[in-house]
Amino acid sequence: MESAFKEDILKGKVALLTGGGSGIGFEISKQFGKHGASVAIMGRRKQVLDSAVSTLRSFSIPAVGFEGDVRKQEDARRVVESTVKHFGKLDILVNAAAGNFLVASEDLSTNGFRTVMDIDSVGTFTMCHEALEYLKQGGPGRGSSSGGTILNISATLHYTAAWYQIHVSAAKAAVDAITRNLALEWGTDYDIRVNGIAPGPIGDTAGMSKLAPEEINSKAKDHMPLYKLGEKWDIAMAAVYLVSDAGKYINGTTVPVDGGLWLSRPRH
Ligand code: HXC
């Protein structure tokens with residue numbers, strides 16, 4: 001689908017995306033690149049990264065991949081530094097890395113809970129923390145330009161409650177708190193905007209195949225009038241908007257991009 005934005009809306013920007021090699025993260029990488037950004041992607045699987053980078057390059061997008069796990073602070077630091085070394089600066093950080101599985105709370109071990117908190121919440125904080133030096137106004141490579149921006153990929157699960165996803169609900173609630181608190185502190189002190197996107201069910205993603213098998217999808221339509229699958233493109237367009245100058249007055253909010261699904265109720 002064609003973009004509604006001008007091709008050069010992100011021209012000259014450098015973006016680093018965790019989880020940028022697959023799923024929603026990859027689509028955001030691609031759309032950032034198609035709108036003029038240079039793109040660094042971070043992930044744990046070399047093969048996934050290599051193939052993502054070569055696809056991005058086939059669109060003439062300046063792209064590079066760095067292996068790393070957001071749970072390891074030394075990886076976070078190394079990848080942020082490598083991105084700046086490679087492209088000269090950092091303007092946009094997207095935290096899209098996430099872990100998930102369906103499990104009843106009574107069957108979930110503390111370590112299982114902690115693992116998802118570590119990836120989604122602590123990982124997001126760690127990446128933001130390591131990137132701060134480069135994102136802040138006047139930071140290395142920024143010259144006199146304004147501060148950079150952070151985008152955290154969240155979910156809508158924790159707006160209400162979600163079956164078998166206590167770990168992810170807790171983790172994404174923490175991500176939203178990180179978004180708001182950093183927007184306040186770093187918006188004030190460093191001119192950095194921090195926002196989030198909460199995707200609804202998006203077709204052709206690991207999230208959907210792992211969490212919502214086909215039989216759940218078809219049943220959901222009876223219970224939730226607004227149930228409609230989104231596309232990765234929908235999330236990427238919201239991301240382009242939020243990180244671009246079109247979103248320059250938006251700070252500290254997480255935008256649900258779910259067709260209104262989380263508000264959905266049966267008619268009777
Ligand atoms: C119960 C499980 C489990 C499962 C893992 N664990 N899978 N418990 N049911 N299906 C427990 C393990 O038993 C272990 O606890 C602990 O979690 C750590 O598991 P490991 O396998 O050692 O962890 P690791 O190899 O680091 O894998 C992390 C992962 C994995 C989260 C478990 O699924 C992963 O890496 N996923 C990344 C890719 C992914 O899921 N992407 C989709 C994101 S979709 P014990 O106690 O045994 O030691 C998404 C959408 C969110 O985020 C919003 C949806 C609407």
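Residues numbered from 1 in each chain as written. Predicted model: local features only at pLDDT ≥ 70, side-chain atom pairs only at ≥ 80, totals over all residues.

### Considerations on the overall build of the protein chain
No. 1: Secondary structure assignment for the protein chain yields 8 helices and 7 strands.
No. 2: Computed over its C-alpha atoms, the radius of gyration of the protein chain comes to 18 Å, within 12% of the 18 Å expected for a compact globule of 268 residues.
No. 3: Seen through its principal axes, the protein chain has C-alpha atoms that stretch 55 × 40 × 40 Å.
No. 4: Counting across all 268 residues of the protein chain, residues that qualify as buried make up 47%.
No. 5: Within the protein chain, counting contacts between residues at least 6 apart in sequence, those at least 24 apart form 73% of the total. (Helix = DSSP H or I, 4+ residues; strand = E, 2+ residues; numbered from the N terminus. Rg over C-alpha atoms; globule rule 2.2 N^0.38 Å. Buried ≥ 20, exposed ≤ 12 C-beta atoms within 10 Å, placed from the backbone. Contact = placed C-beta atoms within 7 Å.)

### Some points on the nonpolar core
No. 1: Counting 68 residues, the largest nonpolar core has V39, L93 and A239 as its most contacted members.
No. 2: The leading source of residues in this core is helix α4 (residues 110-135), at 9 residues.
No. 3: Contacts of L93, omitting those with residues within four sequence positions, involve L16, M127, C128, A131, L135 and I150. (Core = buried A, V, L, I, M, F, W, Y, C linked by C-beta atoms within 7 Å.)

### Here's the deal with the environment of Q137
No. 1: If you trace the backbone, Q137 turns up in the loop between α4 and β5 (149-153).
No. 2: For the pair Q137 and S169, spaced 32 residues apart in sequence, the C-alpha to C-alpha distance is 33 Å.
No. 3: Ignoring anything within four residues of it in the chain, the contact list for Q137 reads R142, S146, G147, Y190 and D191.

### Notes on the confidence of the model for the protein chain
No. 1: Averaged over all residues, the pLDDT of the protein chain is 95; the fraction at 70 or higher stands at 98%.
No. 2: Interface confidence for the predicted complex, given as ipTM, is 0.95, next to a pTM of 0.96. (pLDDT = per-residue confidence, 0-100.)

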